[in-house]
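Results of the structural survey
Now for the letters of each chain:
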Amino acid sequence: MPLETLSDKLQMSLRRLTGRGKLNEKDIDDAMREIRVALLEADVNYRIVKKFIAEIKEEALGERVMKSLTPGDQVVKIVYEHLVALMGEEAVPINLKPSGLSVVLMCGLQGSGKTTHTAKIANYLRKNNNLRPLLIAADVYRPAAINQLVQLGKQLDIEVFELGTIVKPQEIVRKGIAYAKDTSKNLVIIDTAGRLQIDEVLMQELVDIKDIAKPDEILLTIDAMTGQDAVNVASSFHEKLGVTGCLLTKLDSDTRGGAALSIRYMTQIPIKFIGVGEKLDQLEVFHPDRMAKRILGMGDVIGLIEKATANIDEDDAMKMAERLQKGIFTYNDFLDQIKMIKKMGSLKGILGMIPGLGSKLKGIDIDDKQFMYIEVAIGSMTKEERKNPDLIATSYSRKMRIAKGSGRPYQEINNLTKRFAEMKKQMLAFAGMSEEDMERAARRGGVPMKAPKAKKGKGKNKGGFRF
Amino acid sequence: MAFGWLFGRNKKKDEKAKKYQLGMKKTRTGFLGKLKAVLSGYSQITEDLFDDLTDVFIMADIGVETTLNFIDALREDERVEECESAEELQPIIVDKMFDLYLKGEIVNNNLNVQKDGLSVFLFVGVNGVGKTTTIAKIAYRLKNEGKKVLLAAGDTFRAGAVDQLEEWAKRVNVDIVIKKGATDPSSVIFDAVKRAKEGNYDVLLCDTAGRLQNKAGLMAELAKMNKVIEREIPGAPHETLLVIDATTGQNGLSQAEAFNEVTNVTGVILTKLDGTSKGGIVLAIRDKYNLPIKMVGLGEKLDDLEYFDLEDYIMGLFDEEEDE
């Protein structure tokens, strides 16, 4: 089975760290290699990747990872935090004048989505900032570009200023702005032709337009699927125009969108908006944290880690991991685990928590109430039974007594013991024990430990740990 | 190196190469600058050198997996063991890049125009790659070759797309089938095929709306267009050309895979190669999905489209000229 996410890959390469409490250089190098490939596959600029890896490596060698029972996730977390930091922690808003006419100038390469986004931005600002927009059609080169903008304007009921393709763009902009003032608009968005950043004539045209329009915001539209060259494109436009914001388009594709990071990191231009569809309301404010997750290809894994670290006492979790390592898993541990899971609020939470459990639990049928019944059943066990599950497994009378005590059918208790045995086997396997270790551990039975107070599970059960 | 024969087109070769080089100039200098700098920075062949070479490939968007495999193969190449200096690696790298693309085959990148009867070409790709412009350029080329060309305005979605193709049709002076107000592109294609058959056209070029490959609904729509063509003309479409923007990064692979799944992609057209981007992902696309690059777009003018020439492309990337 291919390893889907970076988290999985890192989990794999760092697995042997678990419980050993000692990192060696090679483990970290393996992990860094995975991160490097993941970032490169996301189209993050190779120079940034290099720098980035050097920075993270240092931190990954630190205690936080070493002490963690999920070093893979911890490393991912470090990567994630760095990514967010690099992209600028918070969303940067678009520059607009507090009053009077605000001007937004759109620019970018051919096919990056300027015309569509000229309309989207106008629509967005009309709705959210209550502005009266005018669109200026200054792309006189691409056949039917003006027509396209006119049609979009019609769809949105937003006025479009155009003078055909014979008048120079500079002139169109000059007249368009005057027209906006005359018609008491307070927002102008200028659509320009796509151009290569190395096309000096057309770049000069943009500089002219900038001088005429004095835009509050110069938005560079960049295709999110752009590769390594994104940095060159952005920095050239920036150099000539002083770009104030970036609009990343086509993010509804399956691209990881590493270009976002490259641009922000190398040019400091903040990414302000993202285009997420062909419909005219599919425009969103850019959130660095979401982008970081996307670049890592990790969906909500990070969210789980955050949740987990927020709700779970690392020491408790560590203790449990250590016990697993020793081949110990009793009903008391089970109960502790259930409590941990309940703290996190959902089954998903546990996936990232238990070393290596991750994908292996996916698809196993799970029923909410089972959870409560398990707690009740364990509550009806004696201290001795909880520590030594084998006592119950082999005894009909004990199971019967527990069934009566908990008010659950015998069959269910019987199932619980069977499942518990299976689960124990799995947990120990996941915890990285060899078969031999496990057998030895099984023979030895559980080691006595301080029994936590078993709570009768009558409370609200929002948890979803099901077997 | 004379690889030109592999492509069976020597006519006007020099002229073409020149233009190609002009278009590739920025591309070439960037790539070469790095490669040369890397090789000359080492006296011996070391692991660090391979790492730096990897970066050069990555920088050209050649695809992470393809690059890593390439560098691994290079490391283990017998010839490399015999090299005494890092600079001796250069011809080996070039040679291996030819192998990477050719894979010991003779790659035919001519457009599959039938000798008799109608040829149908379908153009597919994500948004903004230059499908419509490319169709205009191909129409222009085929018309100049004496073919009777018909265009089908199959992008019924994007505002202005039909007008754009119509404007091109006027400029190139070829016929076009437009269905005003149509929302189902398949019906436009159906009409166009019918008209092409009845009007004894040689080539029908079908434009389609740009679509992201992860949109199942849009991909199904494309599959339907493809089916209509297949049903109406046995053996058609004769070419299904995936248009890829040279600035595209790793996502190019996903595009190739997905479009190839719903249509039978026969080749790639790499557009916007006159920019600074290397378009190296097409090498990975060839490597992974075995799709040849048929043509490259080198500018906005009608004649800024050339057949892909591997020699020009690779030698261009490694050209000695320095003018940064």
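Everything numeric in this text was worked out from a predicted model, so none of it was measured. (Residues numbered from 1 in each chain as written. Chains lettered and ligands numbered in written order. Predicted model: local features only at pLDDT ≥ 70, side-chain atom pairs only at ≥ 80, totals over all residues. Heavy atoms only, no water.)

So, on to the side chain of Asp55 of chain B. Assignment of secondary structure puts Asp55 of chain B in helix α2 (residues 47–59). Not counting chain neighbours up to four residues away, the residues in contact with Asp55 of chain B comprise Arg36, Tyr46 and Lys50 of chain A. (Helix = DSSP H or I, 4+ residues; strand = E, 2+ residues; numbered from the N terminus. Contact = heavy atoms within 4.5 Å.)

All names here are of chain A. Along its 15 residues, helix α3 (residues 46–60) runs 20 Å from first to last C-alpha, staying within 8% of the 21 Å computed at 1.5 Å per residue. Within the span of α3, buried status applies to Tyr46, Ile48, Val49, Phe52, Ile53, Ile56 and Ala60. Viewed along the axis of α3, the buried residues span an arc of 130°, placing them on a single side of the element. (Expected span 1.5 Å × (residues − 1). Buried < 20%, exposed > 50% of the residue type's maximum accessible area, 1.4 Å probe, protein only. Arc of directions from axis to C-beta.)

Mapped onto the elements, Asn200 of chain B comes out in the loop between α8 (185–198) and β4 (203–206). With 83 residues separating them in the primary sequence, Asn200 of chain B and Gly117 of chain B have C-alpha atoms 7.6 Å apart.

Attention shifts here to helix α7 (residues 145–156) of chain A. All names here are of chain A. For α7, built from 12 residues, the straight-helix expectation of 16 Å at 1.5 Å per residue is met to within 8% by its first-to-last C-alpha distance of 17 Å. As for α7, its buried residues are in contact with α6 (114–128), β2 (133–138), β3 (159–161) and β4 (187–192). One or two positions beyond α7, positive phi appears at Asp157, with a value near 60°.

This part takes up the interface of chain B and chain A. Facing the 42 residues of chain B at the interface are 35 residues of chain A. In this assembly, chain B packs against chain A so that about 3200 Å² is buried in total across both faces, 53% of it on carbon and sulfur atoms. Joining chain B to chain A, the criterion identifies 4 salt bridges. Between the two partners, chain B and chain A, sit 24 residue pairs in polar contact (both at pLDDT 80 or more). Residue composition of the side of chain B that touches chain A, by class: 10 nonpolar, 18 polar and 14 charged. (Buried area = accessible area lost by both parts, 1.4 Å probe. Salt bridge = Lys/Arg side-chain N within 4 Å of Asp/Glu carboxyl O. Polar contact = N/O pair within 3.5 Å; in protein donor to acceptor, adjacent residues only side chain to side chain. Nonpolar A, V, L, I, M, F, W, Y, C, P; charged D, E, K, R; others polar.)

On to the pairing of strand β6 (residues 245–249) of chain A, then. Residues and elements named next belong to chain A. Counting buried residues in β6 gives 5 out of 5 residues, a clear majority hidden from the surface. Judged by which residues are buried, β6 turns out to be covered on both faces: Gly245, Leu247 and Thr249 on one side and Cys246 and Leu248 on the other are all buried. Direction of pairing for strand β5 (residues 217–223) relative to β6: parallel, over a ladder of 5 bridges. Bridge pairing in β6 links Ile222 to Leu248. Each parallel crossover has a hand, and the one from β5 via helix α10 (residues 230–241) to β6 is right-handed. In the sheet, β6 pairs with strand β7 (residues 271–275) via 3 bridges, with the strands oriented parallel. Counterpart to Leu248 in the pairing with β7 is Ile274. Taking the sense of rotation as the criterion, the β-α-β connection linking β6, helix α11 (residues 259–267) and β7 turns out right-handed. (Pairing = 2+ DSSP bridges. Right-handed = clockwise from strand over helix to strand, strands pointing away.)

Where side chains of opposite charge bring their charged atoms close, a pairing between them can arise. Counted under the stated rule, the structure contains 35 salt bridges over all chains. A salt bridge links Lys57 of chain A to Asp29 of chain A; the nearest nitrogen and oxygen atoms lie 2.9 Å apart. One end of the pair, Lys57 of chain A, is in helix α3; the other, Asp29 of chain A, is in helix α2 (residues 25–41), and 28 residues separate them in sequence. Among the residues examined, Asp29 of chain A registers a relative accessible area of 27% and is labelled partly exposed. A salt bridge links Lys50 of chain A to Asp55 of chain B; its shortest N-O distance comes to 2.5 Å. With Lys50 of chain A in helix α3 and Asp55 of chain B in helix α2, this residue pair bridges two chains. Accessibility expressed as a relative area gives 46% for Lys50 of chain A, which makes it partly exposed. Residue Asp55 of chain B is classed as buried on the basis of its relative accessible area, which comes to 6%. Linked by salt bridges that have partners in common, Arg36 and Lys50 of chain A together with Asp52 and Asp55 of chain B make up one network.

Below, the discussion takes up the state of the cysteines. Residue and element names in this part refer to chain A. The final tally for this structure, using the stated rule, is 0 disulfides over all chains. In this structure Cys107 is not part of a disulfide, and its nearest cysteine sulfur, from Cys246, lies 9.1 Å away. Exposure remark for Cys107: the relative accessible area of 0% places this residue in the buried category. (Disulfide = S-S within 2.5 Å.)

Here the focus is the packing of aromatic side chains. One pass over the full model with this rule turns up 10 aromatic pairs over all chains. Ring centres of Tyr124 of chain A and Phe273 of chain A lie 5.3 Å apart, and the angle between their planes is 75°; on these two criteria the pair is classed as edge-to-face. A residue pair is termed long-range when its members are at least 10 positions apart, and Tyr124 of chain A in helix α6 and Phe273 of chain A in strand β7 qualify at 149 residues. Judged by relative accessible area, which is 3%, Phe273 of chain A ranks as buried. Between the aromatic rings of Tyr331 of chain A and Phe420 of chain A, the centroid separation amounts to 4.1 Å while the plane-to-plane angle is 20°, which identifies the pairing as stacked. Taken together, the positions of Tyr331 of chain A in helix α15 (residues 331–344) and Phe420 of chain A in helix α21 (residues 410–430) put the pair 89 residues apart, joining distant regions of the chain. Judged by its relative accessible area of 1%, Tyr331 of chain A is buried. The cationic tip of Arg408 of chain A hangs over the ring face of Tyr373 of chain A; the distance from NZ or CZ to the ring centre is 3.4 Å. The positively charged end of Lys148 of chain B is found above the aromatic ring belonging to Tyr201 of chain B, 4.4 Å away from the centroid. (Phe/Tyr/Trp six-rings, centres within 6.5 Å; stacked < 30°, edge-to-face > 60°. Lys NZ or Arg CZ within 6 Å of the ring centre and 35° of its normal.)

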